Amino acid sequence: MTIERLFVSPESGAPQRECERIVLERGKGIVGDRNFGLSKYPGQNLTLVEAEEIERFCAGQGRATDLSITRRNLVTRGIRLNDLVNTEFTVGNVRLRGVELCEPCATLGRALSSETLTTAAVVKHWVGHGGLRVDVLSDGEIARGADIVLAQAE
């Protein structure tokens, strides 16, 4: 259960930038990301998605794998993110809490649609597989390759 890739986008609509490490602040998210400091709703601090789901989508569409296509911040490997809703865990030295599934929107649908795949079909494909929204519970740093560790039940 690891972090495969890290992405930030400095402003809305700007291309994502891949990082080797990111700095996070409690309750604010990734320093330098477009959503840093926003708190319109729980889980706005950080988003995660499974590499396996991206690979499955790309293979099914006959397109080259691109782990940045969902515009999520952290791409994980080896863990079912749906199981982390309402769960605390750590990545690197940062404590996180899964808030809700990061369901697809029309923006994702339009970005991944093609001549043979409609926006609606893209959204339908990603429902239940679009990742996880999390709150950042502590300051810290996450590096590429960091382990994902589930909190121990008390």
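Above: the structure in question.
Residues numbered from 1 in each chain as written. Predicted model: local features only at pLDDT ≥ 70, side-chain atom pairs only at ≥ 80, totals over all residues. Heavy atoms only, no water.

1. A few points about the sheet that holds strand β4 (residues 29-30)
In space, the 3 strands of this open sheet follow the order β4-β3-β10, with antiparallel pairing throughout. At either margin of the open sheet sits one strand with a lone partner, and together these are β4 and β10 (140-143). When strand β3 (residues 21-25) meets β4, the two strands line up antiparallel, connected through 2 bridges. Bridge assignment links Leu24 to a residue of β4, and that residue is Ile30. (Pairing = 2+ DSSP bridges. Helix = DSSP H or I, 4+ residues; strand = E, 2+ residues; numbered from the N terminus.)

2. A few points about the environment of Gly130
Structurally, the position occupied by Gly130 is in the loop between α3 (119-126) and β9 (132-136). Sequence separation between Gly130 and Cys105 is 25 residues, and the spatial gap between their C-alpha atoms is 9.5 Å.

3. So, the layout of surface pockets
Size it by volume and the largest pocket reaches roughly 480 Å³. Among the elements that make up the lining of the largest pocket, the one with the highest residue count is helix α2 (residues 106-112) (3 residues). Split by residue class, the lining of the largest pocket holds 7 nonpolar, 8 polar and 6 charged. (1 Å grid on protein atoms, 1.4 Å probe; cavity = no way out; pocket = protein on both sides within 12 Å on 5 of 7 lines; lining within 4 Å. Points joined across faces, edges and corners; volume = space filled by probe spheres on them. Nonpolar A, V, L, I, M, F, W, Y, C, P; charged D, E, K, R; others polar.)

4. Let's talk about the sheet that holds strand β11 (residues 148-150)
The sheet built from 8 strands is open, its strands ordered β2-β1-β6-β5-β9-β8-β7-β11 with mixed pairing. Every interior strand has two partners, whereas the edge strands, β2 (17-19) and β11, have only one. The mean angle between the axes of side-by-side strands here comes to 35°, regardless of whether they run parallel or antiparallel. With 4 bridges joining them, strand β7 (residues 88-91) and strand β8 (residues 94-101) adopt antiparallel strand pairing. Each residue of the ladder has a partner; that of Phe89, found in β8, is Leu96. (Axes fitted to C-alpha atoms, helices over the stretch in contact; angles between N-to-C directions.)

5. Focus on the nonpolar core
Generally speaking, soluble globular proteins have nonpolar side chains that are buried together. One finds Ile22, Leu46, Phe89 and Ile142 to be the most contacted residues of the largest nonpolar core, which totals 23 residues. Setting aside anything within four residues of it in sequence, one finds Leu46 in contact with Leu24, Ile30, Asn73, Leu74, Leu96, Leu132, Arg133, Val134 and Val136. Core analysis: the second largest hydrophobic core is formed by 14 residues, Val49, Ile69, Val75 and Trp126 among them. (Core = buried A, V, L, I, M, F, W, Y, C linked by side-chain atoms within 4.5 Å. Buried < 20%, exposed > 50% of the residue type's maximum accessible area, 1.4 Å probe, protein only. Contact = heavy atoms within 4.5 Å.)

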